[in-house]
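Structural features, examined
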Amino acid sequence: MDKKLLIIDGLNLIRRLYAALESEQDSARRIERTQSIAIEALAKLTQQFDPSYAVVVFDSNGKTWRHRVYPEYKLGRVPMDDALLESLPEFAKVFRFNHLPCLRIDGWEADDLIATLAVKAASNKVKSYIVSTDKGFTQLLGDDLILQYDYFAKLGYDKIWVPGKYGVEPHQLNDYWALVGDTTNRIPGVKGIGPKTALSIIRLFPTIEEIYANLPSFSERIQSMLAGGYEQCLLSRSLVALKTDVEIGVRLSQLRYMESKVERISNF
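Treat the numbers as computed from the prediction; the structure is a model and nothing was measured.

1. What about the packing of helix α7 (residues 173-180) against helix α8 (residues 195-204)?
- Packing of α7 against α8 brings their axes to within 9 Å, and their N-to-C directions diverge by 130°. Looking at the two axes, α7 sits oblique to α8. Between α7 and α8 lies a crossing whose hand is right-handed. Residues D175, Y176, L179 and V180 of α7 form the contact with α8, whose participating residues are P195, A198, L199, I201 and I202.
- Classifying every residue of the contact of α7 with α8 gives eight nonpolar, no polar and one charged.

Okay, structure coming up:
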């Protein structure tokens, strides 16, 4: 049997399940129901993918390197309910009780940890399935051993899906997003440049460096939009790019999925 690693974006799953229960007025009851449904979801996922290894990854509290580089990062996002935030350690406890390791590292977003785990697994010929609705993970799909799954839409994504969705290959997404921006995380693009214009630019020159080295090749309209935006594009590209070299300090063997035993690796 081919080895498989199931990586679950914990907060992505929990927040969506919690939001679906907004009609529940009792805060404690809403948390309990979210936990119960989350456990059911994890059971379905482990049954569906039959992984050799599995892990639920959480964001750390507080700011990360992206906030230090760009203070406006995620500014204006609807904050998590206090009750849900305070209950996250209990979610991790319940998940571990149900045989799923949980991982969180101070100062790091789950996205970077997930990307590092997936790339590391791929280097060891282990196929990763990233369970998340976050579009940022699509930049990893150029590797045949990294796939993404949307639990809510029941859809899987691979490198063939990316060009149909965005018009570019997975390795071009960060330059593409540097031009159009990422509104979800408040990362700016170039004012006036939308998806169609960005695609027309990238088809000529695929990277930000090449684009700005060849400005005279574009129409006056596009030149005027791009003018003065080089540094911002580089910054935006660095912000949307997932880190794949985080020192996690966890061996793949520690993530082995065994229903009878789970080694504690979380710092919750």
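Having seen the structure, we can now continue with the description.
2. Here's the deal with the layout of surface pockets
- By volume, the largest pocket amounts to about 1,200 Å³.
- Lining the largest pocket are 44 residues; nearest its centre among them are R15, D59, K74, R77 and E109.
- For the lining of the largest pocket, the elements supplying multiple residues, two or more each, are α1 (10-19), α3 (65-69), α4 (82-97), α5 (110-123) and α11 (230-240).
- The leading source of residues in the lining of the largest pocket is α1, at five residues.

3. Points about the nonpolar core
- Among the nonpolar cores identified, the biggest contains 57 residues, and I7, Y176, L179, I211 and L226 are the most heavily contacted of them.
- Not counting residues within four places of it along the chain, the set of residues in contact with L226 comprises L179, V190, I193, I201, I211, Y212, L215 and F218.
- Core analysis: the second largest hydrophobic core is formed by 30 residues, I8, F58, L88 and V131 among them.

4. Topic: the sheet that holds strand β4 (residues 127-131)
- Read from one edge of the open sheet, six strands run β3-β2-β1-β4-β5-β6, paired in mixed fashion. Across the chains shown, the open sheet's two edge strands, defined by having one partner strand only, are β3 (102-103) and β6 (155-157).
- One ladder, built from four bridges, connects β4 with strand β5 (residues 146-150); its direction is parallel. Looking at β5, one finds that V131 is bridged to Y149.

5. Section: the pairing of strand β2 (residues 53-57)
- The buried count for β2 comes to five of five residues, which makes it a mostly enclosed element.
- Side chains Y53, V55 and V57 of β2 all project onto a buried face; the interleaved residues A54 and V56 project onto the opposite face, where all are buried too.
- For strand β1 (residues 4-9) and β2, the ladder comprises five bridges, and the chain directions are parallel. Following the sheet pairing, I8 is matched in β2 by V56.
- When β2 meets β3, the two strands line up parallel, connected through two bridges. Bridge pairing in β3 links V57 to L103.

About the cut-offs
- Residues numbered from 1 in each chain as written.
- Predicted model: local features only at pLDDT ≥ 70, side-chain atom pairs only at ≥ 80, totals over all residues.
- Heavy atoms only, no water.
- Axes fitted to C-alpha atoms, helices over the stretch in contact; angles between N-to-C directions.
- Helix = DSSP H or I, 4+ residues; strand = E, 2+ residues; numbered from the N terminus.
- Parallel < 35°, antiparallel > 145°, perpendicular 65-115°, else oblique.
- Left-handed = near helix turned anticlockwise from the far one by under 90°.
- Contact = heavy atoms within 4.5 Å.
- Nonpolar A, V, L, I, M, F, W, Y, C, P; charged D, E, K, R; others polar.
- 1 Å grid on protein atoms, 1.4 Å probe; cavity = no way out; pocket = protein on both sides within 12 Å on 5 of 7 lines; lining within 4 Å.
- Points joined across faces, edges and corners; volume = space filled by probe spheres on them.
- Core = buried A, V, L, I, M, F, W, Y, C linked by side-chain atoms within 4.5 Å.
- Buried < 20%, exposed > 50% of the residue type's maximum accessible area, 1.4 Å probe, protein only.
- Pairing = 2+ DSSP bridges.

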